[in-house]
Amino acid sequence: MASIRLENVTVRYEHYDVLKGINLTVDDGELCALVGPSGCGKTSVLRVIAGLTRPVAGNVYMDGQLVNDVPPGERDIAMVFQRFALYPYMTTRENWAFPLLAAGLPQKEIEARINAMSEFLSMGPLMDRYPKQLSGGQQQRVAVGRALVRRAKVFLMDEPLGSQDAKMRVEMRAKLKKLQMDLGITTVYVTHDQVEAQAIGDKVAVMEAGIIHQVGSPEEIYDKPATLFVAGFVGTPGMNFLHGSLQREDDHLFIRHPLFKLAVPPALAANVEAGASSQEVIVGFRPEHIRLHQIAEGDAIPAEIYVLEPQSNKLVVSLKLGQEILKMQADRDRLGFEPRLGQKVFVTFEQEFAHIFDKATGRRMD
Amino acid sequence: MKVLKRALGIALALLVAAVFLFPLLWVVLSSFKTKLELLAVPPVFIFKPTLQNYINAFRSDFPLQVRNSLIIAVSTTVISITLGSLTAYGFSRYTIKGSDFLQFWILSLRMLPAIAVVVPFYLVFRTLGLLDRHIALILVYCLFNISFAVWVLKGFFDEIPLELEEAAMLDGYSPPQVFLKVSLPLARAGLATTAIFCLIQSLNEFLLAVSLTTRVAETAPVGLSKVQTLMGVDWGLLSAGSIVFMLPVVIFTVIVRNELVRGMSFGRMR
């Protein structure tokens, strides 16, 4: 069991900073999901924790001990590599035994652990096959098994489910989460899939271009994204962004957009005004916070239905408002009518769920 | 159409094989012929085989020469593979100052024409008192074969994904253990290929062998060349000797043939 702390970690490859002063704490027994687009430095964070990459600046602590100079083999870390890194000339069984032999475990113990893992991952008939005789998904299960069988202090997983088919992914995701909770092993889990990150993480860290934008619970990340990037990255379909400008009228703060005027909730107004670097702001609405109406009511904005995408019991509707395309999402049976392509409709925003960002800095303003 | 193409392909392959194997067949047949049959015109292909040539060969200095050849070739191969793989691994995995220059320098040793260094080597080994000793030829052959081994093996080590070694390191193995337990087994095909080439090169080498040995460490190619006597060439003895001398390489090649095929098509392994 161990906690991990990264302090101002910078990693440089040939004059290019892959990580730019990262700070991250993963508590003992916690599962931290690192999520971000490809090339954002997620894997580099894992490699720094594992000791495979040496930061040019910053410190890595495990259990409060500085481990910058501790070689990978002595950190007691198990890692699932993105491309599996299975030993090609060893069967599944031998691949799993390899780390246990290094640890000097007795033969009996090794066999017991391998058999238990085989059952856990339903590998039964595949135990004596070589990696090249296994499908991508099966190889990945072998890779996960090799990391788990060690019972190391820390698990690092680099896209461990990337090669599974959709069904297996969801199944394994839940299994991994349950296992991690049962074993209570500190885990850092890298994925590019924000849905997976939210599903599995006790804590989610959103990364982009070598920096961490936000660390928080899945709910926090979704409900209160700290930056425009997080707001746009997390959630499917993505958040709708509208450019507007701040305006004070009488005692109220408004955001003015060519199509509408949005009152900033009084509780936020002071913070928003104080934090603004200019009048230019971006307002974000999640698809589920846009309402669709057949007839005009109040300050509803006219729109045209552009694309319809059914998703099981939900419907994703692309709407054309003037020059802008917005996406809204609603349960089909709660919509109250059957939308048709090209239909003229009216749109209202649930203003209390507005996310307001500073256009210049991209930061959240409340 | 498809069948015809395939048949043509097989016919072509057989033709090529025949062209290459005919000299070998000739030698095999010659080794079982008597002197009269050997020189018969037109050549006879059906005759009563005799083992006399082999018996003669084994009664001469030939077994000693084969032994010398094997000692020298096997030692050269073992040393070249050992040092070559370590050096190649270093070049492949670590950043070394002036790496490109060093690698070219190592390769350039291989470009050295043997004839250019025969005299200097002769003088050096005479001074050291190593003439007509196995060690002299082993040292010289290593000079050529290590550089070859480094170049071939570096390619094979470059092909091994770094992640495999990192995985082993995280699994608790030290760098030397990673090299022995992960990298070397993965470079098997390269090791086999390199070993075959080193072995063949050391067994076949003639120029340096004839210059640096006289009797005690004389190798088989040198010995066989001396069959040309004032009395003419004893073709039967020469053929029998050649066949016996060919066996070690043939046997080794058969043993490692699977690795060899993978090694020859290298770049496609993973």
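Bear in mind that the values here come from a model prediction, so they are computed numbers and not experimental data.

Student: How do you make sense of the overall build of chain A when you look at a structure like this?
Tutor: A count of helices and strands for chain A gives nine helices and 20 strands. Based on the C-alpha atoms only, the size of chain A along its principal axes is roughly 75 × 45 × 35 Å. Evaluated residue by residue, chain A yields a buried proportion of 51% over its 366 residues. Just so you have it, chain A exposes about 16,900 Å², and 50% of that area is on carbon and sulfur atoms. With 41 positive and 45 negative side-chain charges, chain A shows a separation of 5 Å between the mean positions of the two kinds.

Student: Can you help me understand the nonpolar core in this one?
Tutor: Proteins that are soluble and globular tend to have nonpolar side chains buried together. Counting residues in hydrophobic clusters, the biggest one holds 61 residues, and the most contacted among them are L6 and L156 of chain A together with F157 and V182 of chain B. If one sorts the elements of this core by residue count, helix 7 (residues 134-159) of chain B sits on top with six residues. With residues near it in sequence (within four places) discarded, V182 of chain B still touches Y87, Y89 and F98 of chain A together with L164, A168 and Q177 of chain B. Grouped together as the second largest cluster of nonpolar side chains are 42 residues, V35, W96, A197 and V234 of chain A included.

Student: Before we go on, may I ask you to explain the sheet that holds strand 15 (residues 290-293) of chain A in this structure?
Tutor: Strand-to-strand pairing in sheets goes through backbone hydrogen bonds, with the strands running parallel or antiparallel. All names here are of chain A. Strand order in this open sheet of five strands is 15-19-16-17-18, and the pairing throughout is antiparallel. Two strands close off the open sheet at either side, each with one partner strand: strand 15 and strand 18 (324-331). Going across the sheet, the axis of each strand differs from the next one's by a mean of 45 degrees, ignoring polarity. Relative to strand 19 (residues 344-349), strand 15 runs antiparallel, the two being bridged by four bridges. Considered in strand 19, the bridge of H293 is made with F346.

Student: Is there a simple way to explain the environment of I4 of chain A in this structure?
Tutor: Residues and elements named next belong to chain A. Along the chain, the position of I4 falls in strand 1 (residues 4-13). Classification of I4 as buried rests on a relative accessible area of 2%. The spacing of I4 and R248 is 244 residues in sequence and 46 Å in space, taken between C-alpha atoms. When residues no more than four places from it in sequence are discounted, the contact partners of I4 are L24, T25, V26, I49, Y61, V154, T186 and V188.

Student: Help me understand the packing of aromatic side chains in this model?
Tutor: Each aromatic ring pair is specified by the distance between its two centres and by the angle formed by the two planes. Considering all chains together, one arrives at 13 aromatic pairs over all chains under this definition. Pairing F285 of chain A with F349 of chain A gives two aromatic rings, centres 4.5 Å apart and planes at 15 degrees, and the pair type is stacked. One end of the pair, F285 of chain A, is in strand 14 (residues 280-285); the other, F349 of chain A, is in strand 19, and 64 residues separate them in sequence. Linked through ring pairs, Y87 and F98 of chain A together with Y173 of chain B together constitute an aromatic cluster.

Student: How do you make sense of helix 7 of chain B when you look at a structure like this?
Tutor: Since one α-helical turn is 3.6 residues long, residues separated by three or four positions face the same way. Over its 26 residues, helix 7 of chain B extends 36 Å from the first C-alpha to the last, a length consistent with the 38 Å expected when each residue adds 1.5 Å. The largest bend along helix 7 of chain B measures about 30 degrees and falls at C142 of chain B.

Student: Where do I start with the state of the cysteines in this structure?
Tutor: By definition, a disulfide links the sulfur atoms of two cysteines through a covalent bond. Summed over all chains, the structure comprises zero disulfides over all chains. In this structure C142 of chain B is not part of a disulfide, and its nearest cysteine sulfur, from C198 of chain B, lies 8.4 Å away.

Student: Sorry if this is basic, but what is going on with the sheet that holds strand 5 (residues 65-66) of chain A here?
Tutor: All names here are of chain A. Overall, antiparallel pairing links the four strands, which are arranged 2-1-4-5 in an open sheet. In this open sheet, the two strands that pair with only one neighbour each are strand 2 (16-26) and strand 5. As paired elements, strand 1 and strand 4 (residues 57-62) share five bridges and run antiparallel to each other. Paired with T10 across the strands is A57, a residue of strand 4. Sheet strands in contact with helix 1 (residues 42-50) are strand 1, strand 2 and strand 4, and its direction is about 115 degrees off that of strand 1.

Student: When you look at the interface of chain B and chain A in this model, what are you seeing that I'm missing?
Tutor: How big an interface is tends to be stated in terms of the accessible area lost upon association of its parts. Listed as interface residues are 16 residues of chain B and, on the opposing side, 20 residues of chain A. Per-residue buried area on chain B facing chain A is highest for E163, L170 and D171 of chain B; these three make up 40% of the total on that side. Linking chain B with chain A are three salt bridges, by the criterion used here. Two residues, D171 of chain B and R150 of chain A, come together in a salt bridge whose shortest N-O distance is 3.5 Å. Our count for the chain B to chain A interface comes out at nine residue pairs in polar contact (both at pLDDT 80 or more). For the side of chain B that touches chain A, the elements supplying multiple residues, two or more each, are helix 8 (162-170) and helix 9 (175-186) of chain B.

Student: Which parts of the structure should I look at to understand the layout of surface pockets?
Tutor: Here the idea is plain: a probe the size of a water molecule rolls over the atoms and shows the empty space left. All names here are of chain B. Taken as a whole, the second largest pocket spans an internal volume of roughly 320 Å³. Taken together, 13 residues form the lining of the second largest pocket, with Y94, L162, E165, E166 and M169 sitting closest to its centre. With four residues, helix 8 is the largest single contributor of residues to the lining of the second largest pocket. Of the residues belonging to the lining of the second largest pocket, the class tally is eight nonpolar, one polar and four charged.

Student: Got a minute to help me understand the domain arrangement of chain A in this structure?
Tutor: Residues and elements named next belong to chain A. We note that the domain assignment places domain 1 (4-226) and domain 2 (240-358) within chain A. One C-alpha centre belongs to domain 1, the other to domain 2; they are set 39 Å apart. The interface of domain 1 with domain 2 comprises five residues on the first partner and four residues on the second. Interface area, domain 1 with domain 2, both sides summed: about 360 Å², of which 49% is carbon and sulfur. Its largest share of buried area at the contact with domain 2, domain 1 owes to Y222, D223 and P225, together 90% of the area lost on that side. Summed over the shared surface of domain 1 and domain 2, the number is zero salt bridges. At the junction of domain 1 and domain 2, the tally comes to two residue pairs in polar contact (both at pLDDT 80 or more). Along the lines of polarity and charge, the residues of the side of domain 1 that touches domain 2 split into four nonpolar, no polar and one charged.

Cut-offs and rules
Residues numbered from 1 in each chain as written. Chains lettered and ligands numbered in written order. Predicted model: local features only at pLDDT ≥ 70, side-chain atom pairs only at ≥ 80, totals over all residues. Heavy atoms only, no water. Helix = DSSP H or I, 4+ residues; strand = E, 2+ residues; numbered from the N terminus. Buried < 20%, exposed > 50% of the residue type's maximum accessible area, 1.4 Å probe, protein only. Areas by Shrake-Rupley, 256 points an atom, 1.4 Å probe, with all protein chains shown as cover. Lys, Arg positive; Asp, Glu negative; His and termini not counted. Charge placed at Lys NZ, Arg CZ, Asp CG, Glu CD. Core = buried A, V, L, I, M, F, W, Y, C linked by side-chain atoms within 4.5 Å. Contact = heavy atoms within 4.5 Å. Pairing = 2+ DSSP bridges. Axes fitted to C-alpha atoms, helices over the stretch in contact; angles between N-to-C directions. Phe/Tyr/Trp six-rings, centres within 6.5 Å; stacked < 30°, edge-to-face > 60°. Expected span 1.5 Å × (residues − 1). Bend = angle between axes of the 7 residues up to and from the residue. Disulfide = S-S within 2.5 Å. Buried area = accessible area lost by both parts, 1.4 Å probe. Salt bridge = Lys/Arg side-chain N within 4 Å of Asp/Glu carboxyl O. Polar contact = N/O pair within 3.5 Å; in protein donor to acceptor, adjacent residues only side chain to side chain. 1 Å grid on protein atoms, 1.4 Å probe; cavity = no way out; pocket = protein on both sides within 12 Å on 5 of 7 lines; lining within 4 Å. Points joined across faces, edges and corners; volume = space filled by probe spheres on them. Nonpolar A, V, L, I, M, F, W, Y, C, P; charged D, E, K, R; others polar. Domains from an automatic or database assignment.

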